[in-house]
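Residue-level listing of the chains:
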Amino acid sequence: MAQILPSIFGADIMYLQDDIHFLEEEKTEILHVDLMDGNFVSNIAFGPNQIAEMKKNSKMVFDVHMMVQHPKDHIDDVIATGAEMISVHYESTPHIHSILQKIRKAGRKAGVVINPGTPEAILEYLLDDIDYILIMTINPGQPGQTFIRKSLEKIRQTKELIGERKIQIEVDGGVNKEIAKECAEVGAELIVVGGALFSGDKKAQYQALREAIK
Ligand code: DX5
Ligand code: ZN
């Protein structure tokens, strides 16, 4: 069963508390939280301190998407936020395997993220060390981009690679309700949505998104 993961990066920073409250009221299970270092990606967003503060004030499961150049230097701080799910970009470190192991050792779910230009074949030797795979469906860093259609094929191929293992596929970037449906149909279970949820009538958009993937 697929589910929508609201991306808090898409919310209005001036109404952050209201938006978190809204998501709780809507019984959101998992919140997607972007961590950007202005280096691996040009943008800068929520650091571990801000994430820990949000986490303290929420009952949602936190899924932290690390977009940082040196994840090894930040992983302890991210673990300390209390986030239950932590994902790291394959492209951001030569030591992806050891970082994934560290996340799991801390009792959290470990995810590996791949950029649009990274082939899914690199996942092969990580399959025993991950709980989820985040397939970027835009180039990370900026909101409001267009979904890369080729990602649908990548989701299909990744699903095949996973086989019978208990690994979930997550997608992130440029997803609206039509695309959410397409992603769910080819095997994505965790569907991140920023702009298409937080712009306009949030309640109606959220409803429509959830309806679309049923
Ligand atoms: C972008 C982030 C996303 C972002 C998605 O680099 O990883 O989580 O919030 O926003 P939309 O859904 O608007 O593309
Ligand atoms: Zn993200």
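Every value quoted in this text rests on a predicted model; they were computed, and no experiment measured them.

Enquirer: Tell me what's going on with unusual backbone geometry, and back it up with residues and numbers.
Expert: Positive phi, normally seen in glycine, also occurs at Lys 27, with a value near 60°. Secondary-structure assignment places Lys 27 in the loop between helix H1 (16-25) and strand E2 (30-36).

Enquirer: Which residues make up the packing of aromatic side chains, and what values go with them?
Expert: Going through the model one piece at a time under the given rule, you end up with one aromatic pair. Consider the rings of Phe 22 and Tyr 206, whose centres lie 6.1 Å apart with planes at 50°: the pair is tilted. Of the two residues, Phe 22 is situated in helix H1 and Tyr 206 in helix H8 (residues 202-212); the sequence distance between them amounts to 184 residues. Assigned by exposure class, Phe 22 and Tyr 206 land together as buried. Just above the ring of Tyr 206 sits the side chain of Arg 210; from NZ or CZ to the centre is 3.7 Å.

Enquirer: So what's going on with the side chain of Asp 129? Which residues, and what values?
Expert: Positionally, Asp 129 belongs in the loop between strand E5 (109-114) and strand E6 (132-136). Buried and unpaired, Asp 129 has no salt bridge, with Arg 104 as the nearest side chain of opposite charge at 5.2 Å. A distance of 3.1 Å separates polar atoms of two side chains, one belonging to Asp 129 and the other to His 97. For Asp 129, the contacting residues outside a window of four places in its chain are His 97, Leu 100, Gln 101, Arg 104 and Ala 110.

Enquirer: Describe the coordination of the zinc ion (ligand 2), and please don't skip the residues or the numbers.
Expert: Protein-derived ligands of the zinc ion (ligand 2) are His 32 (NE2), Asp 34 (OD), His 65 (ND1) and Asp 172 (OD), with the metal-ligand distances lying across 2.1 to 2.3 Å. Coordination at the zinc ion (ligand 2) is octahedral, judged from the six donor atoms that bind it and the angles of 69 to 170° they form at the metal. Coordination of the zinc ion (ligand 2) draws on donor residues from a single chain, spaced H-x1-D-x30-H-x106-D in sequence. In this pair, His 32 sits in strand E2 while His 65 sits in strand E3 (residues 61-67), placing the two residues 33 residues apart along the sequence. Judged by its relative accessible area of 0%, His 32 falls in the buried class.

Enquirer: Go over the sheet that holds E6, please, and point to the residues and values.
Expert: Ordered in space as E1-E8-E7-E6-E5-E4-E3-E2, the eight strands form an open sheet in which the pairing is parallel. Edge strands, defined here as strands with exactly one partner in the open sheet, are strand E1 (3-6) and E2. For this sheet, the mean inter-axis angle between neighbouring strands, taken without regard to orientation, is 25°. Where strand E7 (residues 168-172) and strand E8 (residues 190-193) come together, three bridges link them in parallel fashion.

Enquirer: Would you mind going over the site of ligand 1 in detail, with residue names and values included?
Expert: With respect to spatial proximity, 18 residues lie near ligand 1, and among them Ser 7, Asp 34, Gly 141, Asp 172 and Gly 174 are the closest. Contact between ligand 1 and His 32: an oxygen atom at 3.4 Å from a side-chain N or O atom of the residue. One of the side-chain nitrogen or oxygen atoms of His 65 is found 3.3 Å away from an oxygen atom of ligand 1. Among the secondary structure elements, those contributing two or more residues to the shell around ligand 1 are E2, E3 and E8. For the shell around ligand 1, the class distribution of residues is seven nonpolar, nine polar and two charged.

Enquirer: Outline the nonpolar core, supporting the account with residue identities and numerical values.
Expert: Among the nonpolar cores identified, the biggest contains 63 residues, and Ile 8, Leu 23, Val 33, Ile 133, Ile 155, Cys 183 and Ile 191 are the most heavily contacted of them. Setting aside chain neighbours within four positions, we find Ile 8 in contact with Leu 16, Ile 20, Leu 23, Leu 31, His 32, Val 33, Phe 46 and Met 54. Listed in part, the six residues of the second largest apolar core include Met 85, Tyr 132, Leu 190 and Val 192.

Enquirer: Could you give an account of a nonpolar patch on the surface, with specific residues and numbers?
Expert: A cluster of nonpolar side chains, contributed by Ile 13, Met 14 and Tyr 15, occupies part of the molecular surface with about 390 Å² of accessible area. Within the fold, Met 14 resides in the loop between E1 and H1. On the basis of relative accessible area, Met 14 is assigned to the exposed category, the value being 68%.

Enquirer: I'd like a description of the packing of helix H3 (residues 71-80) against helix H4 (residues 96-105), backed by residues and values.
Expert: In the contact formed by H3 and H4, the axes pass within 11 Å of each other and the chain directions differ by 10°. As the angle between them shows, H3 and H4 are arranged roughly parallel. Contacts between H3 and H4 involve Pro 71, Lys 72, Ile 75, Asp 76 and Ile 79 from the former and Ile 99, Lys 102 and Ile 103 from the latter. Looking at the contact of H3 with H4 residue by residue, the class counts come to five nonpolar, no polar and three charged.

Reading the values: the criteria
Residues numbered from 1 in each chain as written. Chains lettered and ligands numbered in written order. Predicted model: local features only at pLDDT ≥ 70, side-chain atom pairs only at ≥ 80, totals over all residues. Heavy atoms only, no water. Helix = DSSP H or I, 4+ residues; strand = E, 2+ residues; numbered from the N terminus. Phe/Tyr/Trp six-rings, centres within 6.5 Å; stacked < 30°, edge-to-face > 60°. Buried < 20%, exposed > 50% of the residue type's maximum accessible area, 1.4 Å probe, protein only. Lys NZ or Arg CZ within 6 Å of the ring centre and 35° of its normal. Lys, Arg positive; Asp, Glu negative; His and termini not counted. Salt bridge = Lys/Arg side-chain N within 4 Å of Asp/Glu carboxyl O. Polar contact = N/O pair within 3.5 Å; in protein donor to acceptor, adjacent residues only side chain to side chain. Contact = heavy atoms within 4.5 Å. Donors = N, O, S within 2.8 Å, 3.2 Å for Na, K, Ca; no water. Tetrahedral: all angles 85-135°; square planar, octahedral: opposite > 155°, others 65-115°. Pairing = 2+ DSSP bridges. Axes fitted to C-alpha atoms, helices over the stretch in contact; angles between N-to-C directions. Near = heavy atom within 4 Å. Nonpolar A, V, L, I, M, F, W, Y, C, P; charged D, E, K, R; others polar. Core = buried A, V, L, I, M, F, W, Y, C linked by side-chain atoms within 4.5 Å. Patch = residues over 30% accessible without salt bridge, like charges linked within 9 Å, V, L, I, M, F, W, Y side chains within 5 Å. Areas by Shrake-Rupley, 256 points an atom, 1.4 Å probe, with all protein chains shown as cover. Parallel < 35°, antiparallel > 145°, perpendicular 65-115°, else oblique.

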